[in-house]
Amino acid sequence: MRTTYDSATVRLYHLGDDGAAMTILYGPLSEALRVAEQQPEDVQDGLYLATDNDVVAYLDLIEE
């Protein structure tokens, strides 16, 4: 993600198998990461974080 400071506003969403995106949270990156971490592993696999200039899979972000 190009925007990575803790207070960056992000959209945390889950992309389902049917292609539908369900927003879980709009808020600071730090809060979105906390919420994402609390999700079950099978849900984490479909989580994405979007800023105003980038989108990244949650699991890709935490692996870096």
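Engineer: Residue-level account of the packing of aromatic side chains, with values.
Structural biologist: Counting across every chain of the model gives one aromatic pair. Ring plane angle 20° and centroid distance 5.7 Å describe the contact between Tyr-13 and Tyr-48, whose orientation is recorded as stacked. Here the residue Tyr-13 occupies a position in strand S1 (residues 9-15), and Tyr-48 occupies one in strand S3 (residues 47-50), the gap between them amounting to 35 residues. Residue class for Tyr-48 comes out partly exposed when judged on its relative accessible area of 25%. For Arg-11, the ring lying beneath its charged end belongs to Tyr-13, and the centroid distance is 4.4 Å.

Engineer: Please give an account of the nonpolar core that cites residues and values.
Structural biologist: In terms of nonpolar packing, the biggest core is built from 12 residues, these being Val-10, Leu-12, Leu-25, Leu-29, Ala-32, Val-35, Ala-36, Leu-47, Leu-49, Val-56, Tyr-58 and Leu-61. It is helix H1 (residues 29-37) that contributes the most residues to this core, four residues altogether.

Engineer: For the side chain of Gln-44, give the residues involved together with the corresponding values.
Structural biologist: Among the secondary structure elements, Gln-44 is positioned in helix H2 (residues 41-44). Take Gln-44: its relative accessible area is 12%, and that puts it in the buried class. Among the polar contacts made by the side chain of Gln-44, one reaches the main-chain carbonyl oxygen of Ala-36 at a distance of 3.2 Å. Ignoring anything within four residues of it in the chain, the contact list for Gln-44 reads Ala-36, Glu-37, Gln-39, Tyr-58 and Leu-59.

Definitions and limits used
- Residues numbered from 1 in each chain as written.
- Predicted model: local features only at pLDDT ≥ 70, side-chain atom pairs only at ≥ 80, totals over all residues.
- Heavy atoms only, no water.
- Phe/Tyr/Trp six-rings, centres within 6.5 Å; stacked < 30°, edge-to-face > 60°.
- Helix = DSSP H or I, 4+ residues; strand = E, 2+ residues; numbered from the N terminus.
- Buried < 20%, exposed > 50% of the residue type's maximum accessible area, 1.4 Å probe, protein only.
- Lys NZ or Arg CZ within 6 Å of the ring centre and 35° of its normal.
- Core = buried A, V, L, I, M, F, W, Y, C linked by side-chain atoms within 4.5 Å.
- Polar contact = N/O pair within 3.5 Å; in protein donor to acceptor, adjacent residues only side chain to side chain.
- Contact = heavy atoms within 4.5 Å.

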